[in-house]
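So the chains spell out like this:
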Amino acid sequence: EYMGYWDHTMMRSDVIAFEKTPRYMITPNIIPAIEAVCVWRPKILAILRNPIDRAYSHYAMAQRKNKNPPAFSRLIDREI
C-alpha cells in the first residue's frame, strides 16, 4: 500500500529514490558519508515542513495513542 504513493516511473535501475527523517541533516559528517557511498555525486533535494505544523502533527499523533497527554503548549515550552 505504501509504495502506491511513489511515482513508479522513477523505479529504474539508474534512479535511487528514498525518503528519510530530516534528522540526517544535522548528523555530524553526513556529507563525507554520502560522498563515500555515492561516488557519482548525487543531487539531493530536501523538502521540509513548517516546523510548527510538524510539531503539532506529531503531538496529535501522540495524543491519539495516549489518553492523557500534557498540553501542547507545555510540550513546546519544554523543548524550547
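Now for a description of the structure that goes with this document. (Residues numbered from 1 in each chain as written. Predicted model: local features only at pLDDT ≥ 70, side-chain atom pairs only at ≥ 80, totals over all residues. Heavy atoms only, no water.)

Some points on the packing of aromatic side chains
Within the structure shown, the criterion is met by three aromatic pairs. Here the aromatic rings of tyrosine 56 and tyrosine 59 are separated by 5.8 Å at their centres, their planes lie at 45°, and the arrangement is tilted. Taken together, the positions of tyrosine 56 and tyrosine 59, both in helix H2 (residues 51-65) and three residues apart, correspond to about one turn of that helix. Between tyrosine 59 and phenylalanine 72, the ring centres sit 5.2 Å apart and the planes meet at 55°, which makes this aromatic pair tilted. Of this pair, tyrosine 59 sits in helix H2 while phenylalanine 72 sits in helix H3 (residues 72-79), placing them 13 residues apart in sequence. Of the residues examined, phenylalanine 72 reaches a relative accessible area of 23% and is grouped as partly exposed. (Phe/Tyr/Trp six-rings, centres within 6.5 Å; stacked < 30°, edge-to-face > 60°. Helix = DSSP H or I, 4+ residues; strand = E, 2+ residues; numbered from the N terminus. Buried < 20%, exposed > 50% of the residue type's maximum accessible area, 1.4 Å probe, protein only.)

Observations regarding a nonpolar patch on the surface
On the surface, Tyr2, Met3, Tyr5 and Met11 cluster together to form a nonpolar patch covering roughly 480 Å² of accessible area. Within the secondary structure, methionine 11 is located in the segment before helix H1 (30-37). (Patch = residues over 30% accessible without salt bridge, like charges linked within 9 Å, V, L, I, M, F, W, Y side chains within 5 Å. Areas by Shrake-Rupley, 256 points an atom, 1.4 Å probe, with all protein chains shown as cover. Salt bridge = Lys/Arg side-chain N within 4 Å of Asp/Glu carboxyl O.)

As for the pattern of salt bridges
When charged atoms on two side chains of opposite charge get close, those side chains can pair. According to the stated counting rule, one finds one salt bridge in the structure shown. One salt bridge in this structure joins glutamate 35 and arginine 41, with 3.3 Å as the shortest N-O distance. Glutamate 35 sits in the partly exposed class, given a relative accessible area of 40%.

Things to note about unusual backbone geometry
A negative phi angle characterises most non-glycine residues, just as the trans form characterises most peptide bonds. At asparagine 29, a residue that is not glycine, the phi angle is positive and equals roughly 65°. Along the polypeptide, asparagine 29 turns up in the segment before H1. Look at asparagine 29 and you get exposed, because its relative accessible area is 60%. At arginine 41, a position not held by glycine, the phi torsion is positive, near 60°.

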